[in-house]
Amino acid sequence: MRSTKTKGLEKKMKVIGVLALQGAFLEHASHLEKCLATKNYEVEITIEIVKTPEDLAKCDALIIPGGESTSMSLIAQRTGLYPYLYEFVHNSNKVVWGTCAGLIFLSAQLENENALVKTLGVLKVDVRRNAFGRQAQSFTKECDFSKFIPGCDNFRATFIRAPVVEKILDPIAVKSLYELSMNGKNVVVAAQQNHNILVTSFHPELADNDIRFHDWFIRQFVCK
Ligand SMILES: NC(=O)CC[C@H](N)C(=O)O
């Protein structure tokens, strides 16, 4: 474990990577920077923009951002990064957070539009892509996440051509954190697998100046 000394106190160091093949990676980096600038954590955190296996090798945690999962998957394969990503996300000592397309990329099973996406297959769920429809059906909803983020009862969650978890394939490993009602049934839009994998259908990185979700991710997953 890497460590650093500040004022005589030994602090563990952790590197949070943001996968930068395509999509909203800069927005995640910006929210993480705001967390580091305004909050105190028990570990020393640095942020790494990840494009190569060398970048990924530095990381303890990885955020896979929103974008287009088909493009993300194809770019990962063409750049040769795919096997390194596969190994990383299947390593239980690593932390991973997939948002939107990142959720799709991590999933074991796709209900639809699966022809061109080679997923990383680690998240034991069945996911429906574009579950709410196309871009025109994208929306922002104020959500009460206080059941798992204390006090966070009014988070403005943005859903952009969002996927949903239609079925949890391993209910021991995967816990639903938040659900929405869709066509008379509940669908999962935030979930955790074991202690180290978080997925959200929505984009906390697009919540203007609201870093509560990223702060919770750092405390709940990265600092643990
Ligand atoms: N905002 C997003 O990441 C959209 C995901 C995209 N609709 C897909 O299926 O890959």
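Values in this document were obtained by computation on a predicted structure and should not be read as measured data.

1. A closer look at the pattern of salt bridges
Once the charged atoms of two side chains with opposite charge are near each other, the side chains can pair.
Working step 1: Following the criterion strictly, the structure yields seven salt bridges and no others.
Working step 2: Close ionic contact of Lys58 with Glu48 constitutes a salt bridge, the shortest N to O distance being 3.1 Å. Highlighted residues: Lys58 in the loop between helix 2 (53-57) and strand 4 (61-64) and Glu48 in strand 3 (residues 44-50), separated in sequence by 10 residues.
Working step 3: Between Asp210 and Arg212 there is a salt bridge, with its nearest N and O atoms 2.7 Å apart.

2. Describing the nonpolar core
Working step 1: By size, the foremost hydrophobic cluster in this structure holds 42 residues, and its most contacted members are Ile16, Phe145, Phe213, Phe217 and Ile218.
Working step 2: Those elements that place two or more of their residues in this core are strand 2 (9-19), helix 1 (25-38), strand 4, strand 5 (95-99), strand 9 (155-159), strand 11 (174-182), strand 12 (185-193) and helix 6 (212-222).
Working step 3: Per element, the largest residue contribution to this core is six residues, and it comes from helix 6.
Working step 4: Discounting residues that sit within four places of it in the chain, Ile16 has contacts with Leu32, Ile45, Thr46, Ile47, Glu48, Ala61, Ile63, Phe217, Ile218 and Val222.
Working step 5: Of all hydrophobic cores here, the second largest spans 35 residues; its members include Leu56, Val165, Ala191 and Val199.

3. Focus on the UniProt feature "active site" (unreviewed entry) in the chain
Working step 1: As annotated by UniProt and renumbered to match this structure, "active site" (unreviewed entry) occupies Cys100, His203 and Glu205. For the residues just named, distributed over 106 residues, the greatest C-alpha separation is only 11.1 Å, placing them together at one site.
Working step 2: Accessibility expressed as a relative area gives 4% for Cys100, which makes it buried.
Working step 3: Every residue in contact with Cys100, bar those within four places of it in the chain, is listed here: Gly66, Ile160, Arg161, Ala162, Pro163, Thr200, Ser201, Phe202 and His203.
Working step 4: Reaching out from Glu205, the side chain makes a polar contact with the side chain of His28 at a distance of 3.3 Å.

4. Regarding the UniProt feature "binding site: L-glutamine" (unreviewed entry) in the chain
Working step 1: In the numbering used here, UniProt assigns the feature "binding site: L-glutamine" (unreviewed entry) to Gly67, Glu68, Ser69, Arg129, Ile160 and Arg161. In three dimensions, the annotated residues from a span of 95 residues occupy one location, with a maximal C-alpha spread of 12.8 Å.
Working step 2: Owing to a relative accessible area of 25%, Gly67 belongs among the partly exposed residues under this scheme.
Working step 3: In this structure, Gly67 is in contact with Gln22, Gly23, Met72, Ala101 and Arg161, ignoring residues within four places of it in sequence.
Working step 4: Sequence-distant contacts of Glu68, defined by excluding residues within four places in its chain, comprise Gln22, Ala101, Arg129 and Arg161.

5. With respect to the side chain of Lys94
Working step 1: Relative to the elements of secondary structure, Lys94 occurs in the loop between helix 4 (82-89) and strand 5.
Working step 2: Buried and unpaired, Lys94 has no salt bridge, with Asp60 as the nearest side chain of opposite charge at 4.7 Å.
Working step 3: A distance of 2.8 Å separates a polar side-chain atom of Lys94 from the backbone oxygen of Cys59.
Working step 4: Dropping the residues within four chain positions of it, Lys94 is found in contact with Cys59, Asp60, Phe88 and Asn196.

6. Overview of the pairing of strand 7 (residues 123-128)
Working step 1: Sheet topology note: the strand 6 (residues 107-110)/strand 7 ladder contains three bridges and is parallel. Bridge assignment links Ser107 to a residue of strand 7, and that residue is Leu123.
Working step 2: Two elements, strand 7 and strand 10 (residues 164-168), share four bridges in a ladder whose sense is antiparallel. Bridged to Val127 within strand 10 is Val165.

Rules behind the numbers
Residues numbered from 1 in each chain as written. Predicted model: local features only at pLDDT ≥ 70, side-chain atom pairs only at ≥ 80, totals over all residues. Heavy atoms only, no water. Salt bridge = Lys/Arg side-chain N within 4 Å of Asp/Glu carboxyl O. Helix = DSSP H or I, 4+ residues; strand = E, 2+ residues; numbered from the N terminus. Core = buried A, V, L, I, M, F, W, Y, C linked by side-chain atoms within 4.5 Å. Buried < 20%, exposed > 50% of the residue type's maximum accessible area, 1.4 Å probe, protein only. Contact = heavy atoms within 4.5 Å. UniProt positions renumbered as here; feature names shortened; annotations may be inferred. Polar contact = N/O pair within 3.5 Å; in protein donor to acceptor, adjacent residues only side chain to side chain. Lys, Arg positive; Asp, Glu negative; His and termini not counted. Pairing = 2+ DSSP bridges.

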